[in-house]
Amino acid sequence: MATREVLSSRTETVNKYMKLDQKGNLMAEYVWVDAVGETRSKSRTLPVKEYTPADLPIWNFDGSSTDQAPGDNSDVYLRPAAVYPDPFRGAPNIIVLAECWNADGTPNKFNYRHECAKVMEAYADRVPWFGLEQEYTLLDHDDRPYGWPTGGFPAPQGPYYCGVGSGKVVMRDVVESHYKACLYAGVQISGTNAEVMPGQWEFQVGPCEGIKMGDELWIARFFLARVAEDFGVKVSWHPKPIPGDWNGAGLHSNFSTKEMRAEGGMKHIEDAIKKLEPHHIECIKEYGEDNELRLTGRHETGSIEQFTYGVANRGTSIRIPRETATKGYGYFEDRRPASNADPYRVTKVLMTSIFGKLR
Ligand SMILES: Nc1ncnc2c1ncn2[C@@H]1O[C@H](COP(=O)(O)OP(=O)(O)OP(=O)(O)O)[C@@H](O)[C@H]1O
Ligand SMILES: N[C@@H](CCC(=O)O)C(=O)O
Ligand SMILES: [Mn+2]
Ligand SMILES: [Mn+2]
């Protein structure tokens, strides 16, 4: 395969400059979510000190260039929401996750964090924990998954899931670098695995409480896009990157409350599943674009047409893990969210479906 070096960064050379003294300054990379559910970022210089979101400056960007504001009123404000150590530039540099706000003081149309945070605060006494399983596909610059033969298809699915060895998995270096970047930044990544479709991988983040779930998943997505950029690789978050007899990609969402995690918790899990059933269509609306291409009832999914659940069943909307069923308490997994779903929308609609909307 021809190499296209111009597309990847020259890390060795960059490292020469990265060692230089910053003279009491740090680089703060402000990250936000754009109109299509991708991350964007830009940098600014600040004096070195320990920052919390409250003492970081509010900043802005040109919303007309990201479809987040009209050209005649284009300033969108960035309000810092969470701070992480920067795994790319190293200490003392930081990553700042920011919410988008309009000039008139209303949340930007694509700021799903604001309403999610309100719901999480209102139900904080339930101590909601989430664990998200982010599946994704690594593509070359012809938008073809890595490891797929040009003009043809790989052998059918089977050897690739949790696969080890050349010919089964590709781009493990991207996955490993991303794992380290998350750990360095204190993002609660709980694991990674190669997925069923060749070129597809997964990482899990959690358990995280309340609003932290959305924050950490968005930062982990930003890190993956940034790491893959270093390798000249594209990340696809699409839930059905290749049509046909190939697995799609999900954002399985594991959920529990303090009652579900305690002795006798199964009753609370069953109650929650009953509450979710009549909200099926409402939930699906929050669970990502093009998800109808994925939720077919095949390839380890439940059909989008109906709400189903079962113990250890990967062909349902909701799966109760075998271990939870055996112990009688624990958590459940909502398998419906697509890989491109916004975690703030997913975690919010789970809460409001089960405990009620805020008035
Ligand atoms: N009590 C809990 N409440 C909420 N989330 C939890 C809880 N315990 C574990 N989790 C989270 O659930 C997720 C489980 O991910 P894991 O990949 O192991 O699940 P899986 O559904 O068996 O995988 P797959 O669907 O890929 O076969 C992890 O993110 C973990 O942090
Ligand atoms: N990739 C499947 C899930 C496979 C798995 O259980 O890991 C999906 O679209 O949800
Ligand atoms: Mn998976
Ligand atoms: Mn799962």
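Computed from a predicted model, the values in this text were never measured in an experiment.

Things to note about the pattern of salt bridges
Side-chain pairing between opposite charges can occur once the charged atoms of the two side chains come close.
For step 1, the next point in the chain: Per the stated rule, a full pass over the model turns up 18 salt bridges.
For step 2, the next point in the chain: The partner of K267 in a salt bridge is D271, with the nearest N and O atoms 2.8 Å apart. In this pair, K267 and D271 both sit in helix α5 (residues 265-276), 4 residues apart, roughly one turn of the helix.
For step 3, the next point in the chain: On the basis of relative accessibility, which here comes to 51%, the residue K267 falls in the exposed class.
For step 4, the next point in the chain: On the basis of relative accessible area, D271 is assigned to the partly exposed category, the value being 33%.
For step 5, the next point in the chain: D334 is paired through a salt bridge with R336; the nearest N and O atoms lie 2.8 Å apart. The residues D334 and R336 share a single accessibility class, namely buried.
For step 6, the next point in the chain: Salt bridges here are not isolated pairs; linked through shared partners, they connect E29, D86 and R89.

Regarding the coordination of the manganese ion (ligand 4)
For step 1, the next point in the chain: Each protein donor to the manganese ion (ligand 4) is listed here as E133 (OE), E133 (OE), H252 (ND1) and E333 (OE); together their distances run 1.9 to 2.6 Å.
For step 2, the next point in the chain: Coordination of the manganese ion (ligand 4) draws on donor residues from a single chain, spaced E-x118-H-x80-E in sequence.
For step 3, the next point in the chain: The two metals, the manganese ion (ligand 4) and the manganese ion (ligand 3), are separated by 4.9 Å. Here E333 lies in strand β13 (residues 332-334) and E133 lies in strand β6 (residues 129-139), a separation of 200 residues in the sequence. Take E133 and E333: they sit in the same class, and that class is buried.

Concerning the UniProt feature "domain: GS beta-grasp" (unreviewed entry) in the protein
For step 1, the next point in the chain: Taken from the UniProt record, the annotation "domain: GS beta-grasp" (unreviewed entry) applies to residues 26-105.
For step 2, the next point in the chain: Segment residues 26-105 splits into 0% helix and 50% strand. End C-alpha atoms: 29 Å apart.

Focus on helix α4 (residues 212-230)
For step 1, the next point in the chain: The terminal C-alpha atoms of α4, which comprises 19 residues, lie 27 Å apart, in line with the 27 Å expected from a rise of 1.5 Å per residue.
For step 2, the next point in the chain: In the segment just after α4, G232 is the residue with positive phi, at about 70°.

Let's talk about the site of ligand 2
For step 1, the next point in the chain: In the vicinity of ligand 2, the residues found are E135, E195, N247, G248, A249, G250, H252, R294, E300, T301, R314 and R335.
For step 2, the next point in the chain: R294 places a polar side-chain atom, nitrogen or oxygen, 2.8 Å from an oxygen atom of ligand 2.
For step 3, the next point in the chain: Look at ligand 2: alone it shows 300 Å² of surface, and the protein chains cover 96% of it.
For step 4, the next point in the chain: Here the residues of the shell around ligand 2 are counted per class, giving 1 nonpolar, 5 polar and 6 charged.

Some points on the coordination of the manganese ion (ligand 3)
For step 1, the next point in the chain: Within the protein, the manganese ion (ligand 3) binds to E135 (OE), E195 (OE) and E202 (OE); these donor distances fall in the range 2.0 to 2.2 Å.
For step 2, the next point in the chain: Between consecutive donor residues of the manganese ion (ligand 3), the sequence gaps follow E-x59-E-x6-E.

Details of the side chain of R319
For step 1, the next point in the chain: Note that R319 resides in strand β12 (residues 318-320).
For step 2, the next point in the chain: A polar contact is formed between the side chain of R319 and the side chain of E333, at a distance of 2.5 Å.
For step 3, the next point in the chain: Excluding residues within four positions of it along the chain, R319 makes contact with G310, A312, N313, R314, F332, E333 and R335.

So, the packing of helix α3 (residues 172-185) against α4
For step 1, the next point in the chain: Remark: α3 packs on α4, axes separated minimally by 9 Å, with the N-to-C direction vectors making an angle of 135°. With respect to each other, α3 and α4 are oriented oblique. Where α3 crosses over α4, the handedness of that crossing is right-handed. Of the residues in α4, those touching α3 at V174, S177, H178, A181, C182 and A185 are A220, F223, L224, V227 and A228.
For step 2, the next point in the chain: For the contact of α3 with α4, the class distribution of residues is 9 nonpolar, 2 polar and no charged.

Rules used throughout
Residues numbered from 1 in each chain as written. Chains lettered and ligands numbered in written order. Predicted model: local features only at pLDDT ≥ 70, side-chain atom pairs only at ≥ 80, totals over all residues. Heavy atoms only, no water. Salt bridge = Lys/Arg side-chain N within 4 Å of Asp/Glu carboxyl O. Helix = DSSP H or I, 4+ residues; strand = E, 2+ residues; numbered from the N terminus. Buried < 20%, exposed > 50% of the residue type's maximum accessible area, 1.4 Å probe, protein only. Donors = N, O, S within 2.8 Å, 3.2 Å for Na, K, Ca; no water. UniProt positions renumbered as here; feature names shortened; annotations may be inferred. Expected span 1.5 Å × (residues − 1). Near = heavy atom within 4 Å. Polar contact = N/O pair within 3.5 Å; in protein donor to acceptor, adjacent residues only side chain to side chain. Areas by Shrake-Rupley, 256 points an atom, 1.4 Å probe, with all protein chains shown as cover. Nonpolar A, V, L, I, M, F, W, Y, C, P; charged D, E, K, R; others polar. Contact = heavy atoms within 4.5 Å. Axes fitted to C-alpha atoms, helices over the stretch in contact; angles between N-to-C directions. Parallel < 35°, antiparallel > 145°, perpendicular 65-115°, else oblique. Left-handed = near helix turned anticlockwise from the far one by under 90°.

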